Amino acid sequence: MGSLFRSETMCLAQLFLQSGTAYECLSALGEKGLVQFRDLNQNVSSFQRKFVGEVKRCEELERILAYLVQEINRADIPLPEGETSPPAPPVKQVLEMQEQLQKLEVELREVTKNKEKLRKNLLELIEYTHMLRVTKTFVKRNVEFEPTYEEFPPLENDSLLDYSCMQRLGAKLGFVSGLINQGKVEAFEKMLWRVCKGYTIVTYAELDEPLEDPETGEVIKWYVFLISFWGEQIGHKVKKICDCYHCHVYPYPNTAEERKEIQEGLNTRIQDLYTVLHKTEDYLRQVLCKAAESVYSHVIQVKKMKAIYHMLNMCSFDVTNKCLIAEVWCPEADLHDLRRALQEGSRESGATIPSFMNTIPTKETPPTLIRTNKFTEGFQNIVDAYGVGSYREVNPALFTIITFPFLFAVMFGDFGHGFVMFLFALLLVLNENHPRLNQSQEIMRMFFNGRYILLLMGLFSVYTGLIYNDCFSKSVNLFGSGWNVSAMYSSGHGPAERGKMVLWNDTIVRHSRVLQLDPSVPGVFQGPYPLGIDPIWNLATNRLTFLNSFKMKMSVILGIIHMTFGVILGVFNHLHFRKKFNIYLVSIPELLFMLCIFGYLIFMIIYKWLVYSAETSRVAPSILIEFINMFLFPASGTNGLYSGQEHVQRLLLAVTALSVPVLFLGKPLFLLWLHNGRSCFGVSRSGYTLIRKDSEEEVSLLGSQDIEEGNNQMEDGCREMTCEESYPTSCGPCWCVWASE
C-alpha cells in the first residue's frame, strides 16, 4: 500500500557504459523497465546525434515490416502472435535481418506487380468478351457482300445501319465500341450529340452483371456502347470524348469470321490467364505464410532496437569517445536490479571492462512513478487523465477505487441494469487471458481495459439500486410495504379518533381524485421498509417530490464528505513535505469554511431526520428556509430546529468570515515575510536552508533571495527542513538558497 499511497522514492543515477556494451546494457535495462533517461544532448538537433544512422535503419525496417503486414492482412493470413515478447536482436544479427527483409520485400513487390498485371489483363479480356457478345445484335452485317457501287437499292427498303447499304452509298462508315460507367451514359450521349452535330449513331445496352474495374478494382455496373460515325475527323472526336469519359474502348471486328476468331482467341487466353494467375497467387500465399511466421517478432524487435538507439542518442561521450555517460531516474528500491542488468549486458557483449553506475545528488524534482497492476491500472489512468501528481504526493487513485464506482452508482442506481453490467464485466475478467480480447477493436479494447472499473460500478449499482428500490425502472416488493391502507378507513376506529383525525369513508374514496395516507393515524405506518425505499412510493403522485428530496439531501451529504476527505489528504501532503504553515494557513481555514457552512447543513439534515417523527412532521421547519435565514438574520424570530440555534449560527458565520481573509492573504503574506528575510517568531537566522522546489508560487515569491537559518531550532511552520550539506537529504529533492546580508 505504501507504493500506491505515494509515488516511489526516486534517485538520479549516472551510468558509465562502454561503447561496445552500451547496446546490450540498454537492452537489458529496457526488458526490465527500471529507469527513465534524461536527455544530455538537448542542444543537439536530432539529425546531428551519434546514432542517427542506426535510427534511420530502424525506420527503414519498420517501413518494410509495415508493407509485409499490409500484404499479409490483404491475403487474409492470420498473424501468429507469440506469448512472450522477444528481446532486441544482437548487433551482429541486425544486418542479416535487414538483408533478409529487403530481399523478401523485392520479391513480394515483383510477384505482386506481376499478379496485378495478369489480373488487369484478365479483366480486360472479360470485358472484351462481354462487349462482343452484346454488340453482336447492334448492327446487321451481310455474310456475303461485294463492294460494287453500280446499283443503288432504294433507301426505303434497306436499313441505314446495313453495312452493305453504306458501302453502296460510298460512305466511309466507322465504329467505336467499348464499355462506360452507368452514371456517365447520359452525359456521354449529350456530349457526342453536341460535338459531332448528329453525325453519329449511339447504341448502348446494360450488362446483365456488374464487372470489376481493371483500374480501381471496384465492382460497378457497365453499359456497352457502339458508336457509328462517318468521316475520319468525326472519328477522332469520338475517340477523344471516349478518353475524356474514361471509357474502355476495344476494337470492333469488321466481319463475322473475324468476330468468331477473336472470341475463340479470347477464350483461350482467358483460360491461360486463369491458370497462370492461380499459380501466381499460390506462390504469393506461400511466401506470405512463411513471412507471417516471424513478422510479429521482427516488428517487436525493431521497435525495441529503435528505442535503444533513441536512448543512446540521449547519452553523452567522454573525452576519449570510448565511454557513454547516461543519467537516469531510478526507484531506490530497484538500484540492485539496475546494477544486475548492467552486469548482464556486459557479460552478453563479452566486454572485459564492465559497465557500472553510481548515484548523484540533484536539485531537480524527480518524476512521479506509481506502480500499478491489472486491477489498479484503470483507476490510475482516470486520475492521470486529470493530472499526474507531484513527486511523493498522496496518490488519490487508492481512494478512487471505491469513490469513483460508488459515485457512479449513486447516479446510476438501478439493480437490474447494474447486475447486467456486473455480469458483462465479470465475463471480461474471467476471460481476460483470451487472445481475441487483446486484439479486439478500439471500443471493445476500451471496455476490456476498464473491466475492473465496470465490475465495481456494476456491483455498487446493485447496492444503490436496492436502496432506491429500482429494478429496470420498476419497484420490487420484496419484504412487503410498511404502509397499511385499510387503517385509514373510519370504520376501523372509534368515535373519538374519528373526530380528531381525517379518515376515509366510501364517499371520500369514490369522489376524491387523490387520497393521502396520514402516518399519524394508528396502524397506517407500521415501520420502515427493511432495505431501501418502500415500494408504495412507486404508486404515489408525490413520488418524484419525495425521491428528489431524498436524493438531493444524500448527494449533499456525500459531496461534502468527499470534499472534506480531499482537504484532509492535503494535510498528509503538508506533513510529509514539512510545510506545517500550509496546515495553519490553508487546510484549517478551508475545513472551517466548509464545515461551518456545509457541515452545518449536514447537521441540520440529520438532526431533522432524528428528532421529528410522523406526528410532529407538520410543525417541522424547512431546512432550506433555516439555511437562508442563517445568512439574512431575519428580524422576526423563527421557531428553529433547536433552542439556541441563532447564537450557534452567528458563531459559525463569524468563524467563516474570519477564515476568508486567512485563505486569501495568509500564505502570500507569510511567503513575502520569508522573502524579506524577517525573523521567524523572534528567532534570527544565518547560513542557509534548503527549500523544496514544489510550489511555483513559493518560488516566484521567494525568488533568489536567501532564507537564513539560525543555530537555534525554529518552529516547523516557518521552515521546511534544515541540513548541513549543500545537497538533498533523504527527505527529497531540494534547492539551496543562500542568505544575503
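Residues numbered from 1 in each chain as written. Predicted model: local features only at pLDDT ≥ 70, side-chain atom pairs only at ≥ 80, totals over all residues. Heavy atoms only, no water.

An unreviewed UniProt entry lists the protein chain under the name V-type proton ATPase subunit a, from Neomonachus schauinslandi. Checking UniProt for the protein chain, the heading Sequence similarities (unreviewed entry) contains the comment "Belongs to the V-ATPase 116 kDa subunit family." Within the UniProt record for the protein chain, the comment given under Function (unreviewed entry) is "Essential component of the vacuolar proton pump (V-ATPase), a multimeric enzyme that catalyzes the translocation of protons across the membranes. Required for assembly and activity of the V-ATPase." (UniProt positions renumbered as here; feature names shortened; annotations may be inferred.)

*Asks:* Is there a simple way to think about helix H19 (residues 580-611) in this case?
*Replies:* In an α-helix, one turn spans 3.6 residues; hence positions three or four apart end up facing the same way. Helix length check: H19 (32 residues) gives 41 Å between terminal C-alpha atoms against 46 Å at 1.5 Å per residue, more than 12% under. For H19, the principal kink sits at Leu 595 and spans about 40 degrees. (Helix = DSSP H or I, 4+ residues; strand = E, 2+ residues; numbered from the N terminus. Expected span 1.5 Å × (residues − 1). Bend = angle between axes of the 7 residues up to and from the residue.)

*Asks:* Please clarify how the sheet that holds strand S8 (residues 248-250) should be interpreted in this entry.
*Replies:* Sheets are built from strands that pair by backbone hydrogen bonding, the pairs being arranged parallel or antiparallel. With antiparallel pairing, the 4 strands of this open sheet are ordered in space as S4-S7-S3-S8. Two strands lie at the open edges of the sheet, namely strand S4 (200-206) and S8, each paired on one side alone. Each strand of the sheet is rotated relative to its neighbour by a mean of 25 degrees, with strand direction disregarded. The sheet contact formed by S4 and strand S7 (residues 222-230) spans 7 bridges and is antiparallel. Paired with Tyr 204 across the bridge in S7 is Phe 225. Lying over the sheet, helix H4 (residues 91-135) contacts strand S3 (173-181), S4, S7 and S8, oriented at roughly 60 degrees with respect to S7. (Pairing = 2+ DSSP bridges. Axes fitted to C-alpha atoms, helices over the stretch in contact; angles between N-to-C directions. Contact = heavy atoms within 4.5 Å.)

*Asks:* Whenever I open this one, the layout of surface pockets confuses me. Can you help?
*Replies:* One way to see where empty space is left: roll a probe the size of a water molecule over the atoms. The computed volume of the largest pocket comes to approximately 1,900 Å³. In this structure, the largest pocket is lined by 40 residues; those nearest its centre are Trp 483, Pro 519, Trp 537, Asn 542 and Phe 546. For the lining of the largest pocket, the secondary-structure elements that each account for two or more residues are helix H18 (543-576) and H19. For the lining of the largest pocket, the element with the most residues is H18, which contributes 7 residues. Its residues assigned to classes, the lining of the largest pocket shows 23 nonpolar, 10 polar and 7 charged. Structurally, the lining of the largest pocket is a two-domain feature, drawing no fewer than three residues from each of domain 2 (375-482 + 527-540) and domain 3 (544-677). (1 Å grid on protein atoms, 1.4 Å probe; cavity = no way out; pocket = protein on both sides within 12 Å on 5 of 7 lines; lining within 4 Å. Points joined across faces, edges and corners; volume = space filled by probe spheres on them. Nonpolar A, V, L, I, M, F, W, Y, C, P; charged D, E, K, R; others polar. Domains from an automatic or database assignment.)

*Asks:* I'm lost on the pattern of salt bridges in this one. Help?
*Replies:* Considering all chains together, one arrives at 22 salt bridges under this definition. Across the pair Arg 38 and Glu 364 runs a salt bridge, and its minimum N-O distance is 2.8 Å. With Arg 38 in the loop between strand S2 (36-37) and helix H3 (52-74) and Glu 364 in the loop between strand S11 (356-360) and helix H10 (377-386), the pair connects residues that are 326 residues apart, well separated along the chain. We note a salt bridge from Glu 206 to Lys 221, for which the minimum N-O separation is 3.3 Å. Here Glu 206 is found in strand S4, whereas its partner Lys 221 is found in the loop between strand S6 (219-220) and S7, with 15 residues between them in sequence. Classification of Glu 206 as partly exposed rests on a relative accessible area of 35%. On the accessibility criterion, Lys 221 (24% relative accessible area) is partly exposed. (Salt bridge = Lys/Arg side-chain N within 4 Å of Asp/Glu carboxyl O. Buried < 20%, exposed > 50% of the residue type's maximum accessible area, 1.4 Å probe, protein only.)

*Asks:* What's the story with the UniProt feature "coiled-coil region" (unreviewed entry) in the protein chain in this structure? I'm lost.
*Replies:* What UniProt calls "coiled-coil region" (unreviewed entry) maps, in this numbering, to residues 94-128. Overall, residues 94-128 shows 100% helix and 0% strand. The separation of its end C-alpha atoms is 51 Å.

*Asks:* Any chance you could explain the UniProt feature "transmembrane region" (unreviewed entry) in the protein chain here in plain terms?
*Replies:* The sites that UniProt annotates as "transmembrane region" (unreviewed entry) are residues 406-430, 451-468, 554-572, 584-607, 619-639 and 651-674. Taken end to end, residues 554-572 comprises 100% helix and 0% strand; its first and last C-alpha atoms sit 28 Å apart.

*Asks:* In this structure, what is going on with a negative patch on the surface? I would like to understand it.
*Replies:* A contiguous patch of negative charge on the surface is contributed by Glu 257, Glu 258, Glu 261 and Glu 264. Position of Glu 261 among the secondary structure elements: in helix H8 (residues 256-313). (Patch = residues over 30% accessible without salt bridge, like charges linked within 9 Å, V, L, I, M, F, W, Y side chains within 5 Å. Areas by Shrake-Rupley, 256 points an atom, 1.4 Å probe, with all protein chains shown as cover. Lys, Arg positive; Asp, Glu negative; His and termini not counted. Charge placed at Lys NZ, Arg CZ, Asp CG, Glu CD.)

*Asks:* What is the right way to read a nonpolar patch on the surface from this model?
*Replies:* Together, Leu 624, Ile 625, Ile 628, Phe 631 and Leu 632 give the surface a local cluster of nonpolar side chains, amounting to about 490 Å² of exposed area. Here Ile 628 is to be found in helix H20 (residues 623-632). By relative accessible area, which is 38% here, Ile 628 ends up partly exposed.

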